[in-house]
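Each chain, letter by letter, is given below.
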Amino acid sequence: SDLCYLWVALCLPTTRIKDYLKTFFGLEISTAGLSSHLIKVSGLMQEVYEEIRQDIQIGVTLFADETGWRVRGKNWWLWVFGTARSAYYTVDRTRGSDVVRRVLGELFIGVLVVDGWHAYLSLICEQQSCMAHVFRKIRKLRDVFPHLVDIAKFYTKLRKILRDGERLQQQGEQLGEVVFQRRLKRLHERLEDLVNWPNPDEVLAEIIKKVKRQQPRMLTFVEHPGVPNHNNYAEYLIRIGVLKRKVSGGSVSAEGAHAYAILLSIYTTCRLRGISFHRFLKESLKHHIRTGKPLSIEAYANRLYADIDLKKAA
């Protein structure tokens, strides 16, 4: 479990772990030996990995993102699917819809918040596009072409629609269904009017094209209390993978990449639930030695809560 913590939580590559073990403990272990050990441990924790996947499938709000990964020097992708209590990572050759269906199936009953990447459109569910991504793209063009004043006007009007949407989302329960639906309809009408901007210049026409692509998923959040109109949470969850990629450059093998996804999923999920990854992994592996199966995160958490209750009662 110590090696897994160094590899996943501290993002150390096996070369540095090897040096650390030799310097402080006088242990001579090859990087191949370390990789083999990490892959073996991840294999033992496969059922916990599946437990996390099943938990995200029943999430009310699910965030997803993907970033480049390297496996044997070739371009792969690291994906994350996360809720407030669980994070499921997977590494795949593609950035396509097959990955989304493999992780979530064909149907998701909650709201999926994403950056607008088309691979997610294959999933049957309500979706919210990340408006932070949309606004960043518009601002970039606005700053490059300051003389094209219509871009700034378009940006201001779109931002006003989103802010009014945020207000409507917060006021939803007080307004009543009839008033809420009437105001929501008006927001959609304003958005439709905006993308039908008369005689846009070439740059604005390109912006409008991008906005139209996301238009059906821009105001989903308004009808769902607590759902944001940005994907910042998924970006936060995948940041540790970005750091790991910068430090180690990716994975040496597909097996190593899969092992990393499993252990990172467990590490992040433990952290989200306020559980010690190091202690959980140790107890789960002990349970595997005794029973042939790892201890689930849910069972471990229940045991912790029971211990806390006993101490309080005492």
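Here is a short report on the structure shown in this document. (Residues numbered from 1 in each chain as written. Predicted model: local features only at pLDDT ≥ 70, side-chain atom pairs only at ≥ 80, totals over all residues. Heavy atoms only, no water.)

**A look at the overall build of the protein chain**
Inclusion rule: Secondary structure elements are taken from DSSP: a helix is a run of H or I of four residues or more, a strand is a run of E of two residues or more, and numbering for both begins at the N terminus. Note on exposure labels: buried denotes an accessible area under 20% of the residue type's maximum, exposed denotes more than 50%, and partly exposed covers the range between, all computed with a 1.4 Å probe on protein chains only. By definition in these notes, contact holds between two residues if any of their heavy atoms fall within 4.5 Å.
Scanning the protein chain for helices and strands turns up 13 helices and five strands. Principal-axis analysis of the C-alpha atoms places the extent of the protein chain at approximately 70 × 50 × 35 Å. Out of the 314 residues belonging to the protein chain, those deemed buried represent 46%. A separation of at least 24 residues holds for 63% of the contacts in the protein chain among residues at least 6 apart in sequence.

**Quick look at helix α5 (residues 97-104)**
The following threshold applies: Directions drawn from the helix axis to the C-beta atoms are what define this arc.
Within α5 the residues assigned to the buried category are Val99, Val100, Val103 and Leu104. What you see down the axis of α5 is that its buried residues fit within an arc of 105 degrees, all on one side. Looking at the buried side of α5, the elements it contacts are α4 (46-57), β1 (61-71), β2 (74-82), β3 (87-92) and β4 (107-114). Residue Gly105 follows α5 closely and has a positive phi angle near 85 degrees.

**Points about unusual backbone geometry**
Phi at Arg72 is positive, roughly 55 degrees, even though this residue is not glycine. For Arg72, the location among the structural elements is in the loop between β1 and β2. For Arg72, a relative accessible area of 64% translates into the label exposed. The phi dihedral of Asn199 is positive, around 45 degrees, even though this residue is not glycine. Note on placement: Asn199 falls in the loop between α8 (177-195) and α9 (202-214). Classification of Asn199 as exposed rests on a relative accessible area of 74%.

**Some points on the sheet that holds β3**
Here is the rule: Two strands are counted as paired when DSSP detects at least two bridges linking them. Axis definition: a line fitted to C-alpha atoms, limited for helices to the stretch in contact. Angles are taken between N-to-C directions and run from 0 to 180 degrees.
Judged by pairing direction, the sheet is mixed, and its five strands sit side by side in the order β3-β2-β1-β4-β5 without closing on themselves. Only two strands of the sheet have a single partner each, and these edge strands are β3 and β5 (124-129). Here the average twist between neighbouring strands, direction ignored, is 30 degrees. Helix α11 (residues 254-272) rests against β1, β2 and β3 of the sheet, and its axis sits at about 165 degrees to β3.

**Some thoughts on the pairing of β3**
Within β3, six of the six residues are buried, which leaves it mostly tucked inside the rest of the structure. Here β3 shows no split at all, with Ala87, Tyr89 and Val91 on one side and Tyr88, Thr90 and Asp92 on the other all buried. The pairing of β2 with β3 spans six bridges and is classified as antiparallel. Paired with Trp79 across the two strands is Thr90, which belongs to β3. The hairpin turn running from β2 into β3, its antiparallel successor, is four residues long.

**A closer look at the environment of Phe280**
Looking at the element boundaries, Phe280 is found in helix α12 (residues 277-291). Separated by 230 residues in the primary sequence, Phe280 and Glu50 have C-alpha atoms spaced 16 Å apart. When residues no more than four places from it in sequence are discounted, the contact partners of Phe280 are Met45, Val48, Ile266, Cys270, Ile275, Leu295, Ser296, Ile297 and Tyr300.

**Regarding the pattern of salt bridges**
Pairing is possible between side chains that carry opposite charge, provided their charged atoms lie close to one another. For clarity, the cut-off: Here, a salt bridge means any Lys or Arg side-chain nitrogen found within 4 Å of an Asp or Glu carboxyl oxygen.
Taken as a whole and judged by the stated rule, the model has 18 salt bridges. A salt bridge links Lys22 to Glu28, with the nearest nitrogen and oxygen atoms 3.5 Å apart. With relative accessibility at 48%, the residue Lys22 sits in the partly exposed group. Assessed through its relative accessible area of 59%, Glu28 is described here as exposed.

**Topic: the nonpolar core**
Which entries qualify depends on this criterion: Put simply, buried Ala, Val, Leu, Ile, Met, Phe, Trp, Tyr and Cys residues joined by side-chain atoms within 4.5 Å make one nonpolar core.
With 63 residues, the main nonpolar core has Met45, Phe81, Tyr89, Ile266 and Phe280 as its most contacted residues. Considering each element in turn, this core owes the most residues, 10 residues, to α11. Those residues in contact with Ile266, other than ones at most four positions away along the chain, are Met45, Val48, Ile52, Phe277 and Phe280. Counting residues in hydrophobic clusters, the runner-up holds 33 residues, among them Tyr155, Val203, Val211 and Ala234.

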